[in-house]
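# Structural overview for review
Single-letter residue listing:
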Amino acid sequence: FADIENKETKEYIAQNDLCEIAEGLATAGDIEFALTTFKKALETVQQINNPDKRSVAKITVLRRTAAVMIKAGKKPEALATLKKALNLAKTIDVNLRNEETDEGSAKATAILKIATALANAGDKKLAQETFEQAIKVAHQIKPATTFKGDDGGKMLLLKTIALAQSESGDQEKA
């Protein structure tokens, strides 16, 4: 990380790398060390100064932690972790763009990913409610530019939500 000047960029990369290490540990069967590594990733996220970006990073860590918990048979803990992530996602500014594309809404994307994780955890009812929240947030996205036809990534996000709903078994709502 020595060549990266921006502290927030360093912290974001560090938390992502720690999550990947934790997932590898879980795959190798060391669930407890994986969960400890996720906790370290959460500590790293706290170093991000921008509150919305810190929340997005924390949600990502919580969601990835829950996925490992589900695979380890810790479903109640995973659901509690996902609910914590969902509550945090609700606090993000709807117009915060996704880092990699400068489009869409980091809030809607986070809620969508949490909904998918809830469906994978088996809580279909809460997953459906969360998909509906993602749709409401997606409809609030404002254009990223003043160019005619720019919807800020709204249509692509709505399509992604419908696909995720379908893949989670809810073809009717999709």
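Rules used in this analysis
- Residues numbered from 1 in each chain as written.
- Predicted model: local features only at pLDDT ≥ 70, side-chain atom pairs only at ≥ 80, totals over all residues.
- Heavy atoms only, no water.
- Helix = DSSP H or I, 4+ residues; strand = E, 2+ residues; numbered from the N terminus.
- Buried < 20%, exposed > 50% of the residue type's maximum accessible area, 1.4 Å probe, protein only.
- Contact = heavy atoms within 4.5 Å.
- pLDDT = per-residue confidence, 0-100.
- Expected span 1.5 Å × (residues − 1).
- Polar contact = N/O pair within 3.5 Å; in protein donor to acceptor, adjacent residues only side chain to side chain.
- Axes fitted to C-alpha atoms, helices over the stretch in contact; angles between N-to-C directions.
- Parallel < 35°, antiparallel > 145°, perpendicular 65-115°, else oblique.
- Left-handed = near helix turned anticlockwise from the far one by under 90°.
- Lys, Arg positive; Asp, Glu negative; His and termini not counted.
- Salt bridge = Lys/Arg side-chain N within 4 Å of Asp/Glu carboxyl O.
- Arc of directions from axis to C-beta.

## Quick word on the overall build of the protein
When its secondary structure is counted, the protein shows seven helices and zero strands. Each helix (α) and strand (β) of the protein, taken in turn from the N terminus, gives the series α-α-α-α-α-α-α. Within the span of the protein, comprising 174 residues, buried residues form 44% of the whole. Once local pairs closer than 6 in sequence are excluded, the contacts in the protein between residues at least 24 apart make up 55%.

## Observations concerning the confidence of the model for the protein
Summarising the model, the protein shows a mean pLDDT of 86, and 87% of its residues fall at 70 or more. When mean pLDDT is compared element by element in the protein, helix α4 (residues 75–89) scores highest at 95, while helix α1 (residues 7–27) scores lowest at 84.

## Quick look at helix α3 (residues 51–71)
The end-to-end C-alpha distance of α3 is 30 Å, a good match for the 30 Å that 21 residues give at a rise of 1.5 Å each. Taking the backbone nitrogen of D52 as reference, a side-chain oxygen 2.9 Å away marks N50 as the first, capping residue of α3. G73 sits one or two positions beyond α3 and adopts a positive phi of about 80°.

## Quick word on the environment of A85
Relative to the elements of secondary structure, A85 occurs in helix α4. For the pair A85 and V56, spaced 29 residues apart in the sequence, the C-alpha separation amounts to 9.2 Å. If we ignore the near neighbours within four places in the chain, the residues touching A85 are I59, L62 and I114.

## Comments concerning the packing of helix α5 (residues 106–121) against helix α6 (residues 124–139)
It is the contact of α5 with α6, at a shortest axis distance of 8 Å, that shows an interaxial angle of 165°. What the angle tells us is that α5 and α6 run roughly antiparallel. Viewed along their axes, α5 and α6 form a crossing whose handedness is left-handed. Where α5 abuts α6, its residues K107, A108, I111, L112, I114, A115, T116, L118 and A119 lie against K124, L126, A127, T130, F131, Q133, A134, V137 and A138.

## Comments concerning the side chain of D52
As for its placement among the helices and strands, D52 is situated in helix α3. One buried charge, D52, has no salt-bridge partner; the nearest side chain with opposite charge is K107, at 8.4 Å. Residues contacting D52, with those up to four places away along its chain left out, are T91, I92, D93 and L96.

## Quick word on the pattern of salt bridges
On inspection of all chains with the given rule, the structure shows four salt bridges. E32 is the partner of K74 in a salt bridge, and the nearest nitrogen-oxygen pair spans 3.2 Å. Pair noted here: K74 is in the loop between α3 and α4 and E32 is in helix α2 (residues 31–45), with a separation of 42 residues, a long-range link. By relative accessible area, which is 24% here, K74 ends up partly exposed.

## Observations regarding α4
In a regular helix each residue adds 1.5 Å, so 15 residues correspond to 21 Å; α4 covers 21 Å between its end C-alpha atoms and thus fits that length. Buried residues of α4: A78, L79, T81, L82, A85, L86 and A89, and no others. Buried residues of α4, seen end-on, are gathered within an arc of 160° and therefore sit on one face of the element. Turned more than 90 degrees off the buried face of α4, the exposed positions are P76 and K84.

## Some words on the packing of α3 against α4
Relative orientation of the contacting elements α3 and α4 amounts to 165°, with a least axis distance of 8 Å. One way to sum up the angle between α3 and α4 is to call them roughly antiparallel. In the packing of α3 onto α4, the handedness of the crossing is left-handed. Where α3 abuts α4, its residues S55, K58, I59, L62, R63, A66, M69 and I70 lie against K75, E77, A78, T81, L82, K84, A85, L88 and A89.

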